[in-house]
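Residues per chain are reported as follows:
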Amino acid sequence: MKIKAVIMDEKAIERASFRISHEIIEKNKGVENVVLIGIKTRGWPLSLRLSNKIEEIEGSKVPVFPLDITYYRDDYEKDDRAPLYVQNFDYDIKDKTVVLVDDVLYTGRTVRAALDAVVDQGRPKNVELAVLIDRGHRELPIRADFIGKNVPTSRTERISVQLEETDGTNQVVIKE
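Residues numbered from 1 in each chain as written. Predicted model: local features only at pLDDT ≥ 70, side-chain atom pairs only at ≥ 80, totals over all residues. Heavy atoms only, no water.

What follows concerns the side chain of Asp102. Tracing the backbone through its elements, the reader meets Asp102 in strand β4 (residues 97-105). Arg73 provides the closest opposite charge to the buried, salt-bridge-free Asp102, at an N-O distance of 7.2 Å. (Helix = DSSP H or I, 4+ residues; strand = E, 2+ residues; numbered from the N terminus. Buried < 20%, exposed > 50% of the residue type's maximum accessible area, 1.4 Å probe, protein only. Lys, Arg positive; Asp, Glu negative; His and termini not counted. Salt bridge = Lys/Arg side-chain N within 4 Å of Asp/Glu carboxyl O.)

Encoded structure:
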């Protein structure tokens, strides 16, 4: 696939992260009972960035955890002989506002799997969703509460979020 367009550079990602951090604080009237959970792979470094920005703004540290949803996906072929191992975080999310963080919202299936994984950890007060890119084409009735950028795409195009922590660069590109 070749790059069709760069839709966000490093500064645009930084601005979107800053805005999303402010929106999380405003919607929740502070961050006292907020927990950030980053969906691996690229939702995890994004959640760390949001946590750092929230701490700069509010002066309070927000708990942040990675979430591997591999075994919760409905498109993952489960091998009954393999043990089901899911790395859980050691934190009580009961009565907390959980903000799931991911890089791209597309069909909604990743978020559905993440919701299943979160509920296995406990019962949060509510769950919100923060994404860097919302590209449409939902297959499930899921919407993001906090969006960095809406990018209408065709089904043949692919959004590639590249972050310094995982890819050595900060940009979002459309590939075709």
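A word on the layout of surface pockets. Taken as a whole, the largest pocket spans an internal volume of roughly 540 Å³. Around the largest pocket, the lining comprises 24 residues; the ones closest to its centre are Arg73, Asp102, Asp103, Val104 and Thr110. For the lining of the largest pocket, the elements supplying multiple residues, two or more each, are β4, α3 (109-121) and β7 (158-162). Across the lining of the largest pocket, the residue classes break down as 8 nonpolar, 6 polar and 10 charged. (1 Å grid on protein atoms, 1.4 Å probe; cavity = no way out; pocket = protein on both sides within 12 Å on 5 of 7 lines; lining within 4 Å. Points joined across faces, edges and corners; volume = space filled by probe spheres on them. Nonpolar A, V, L, I, M, F, W, Y, C, P; charged D, E, K, R; others polar.)

With that settled, the discussion passes to unusual backbone geometry. The peptide bond linking Lys40 to Thr41 adopts the cis configuration, its omega dihedral lying at 20°. In this structure, Thr41 sits in the loop between β2 (34-39) and α2 (43-58). In this structure, His137 is a non-glycine residue whose phi angle is positive, near 65°. Here His137 shows up in the loop between β5 (126-134) and β6 (146-150). Accessibility expressed as a relative area gives 25% for His137, which makes it partly exposed.

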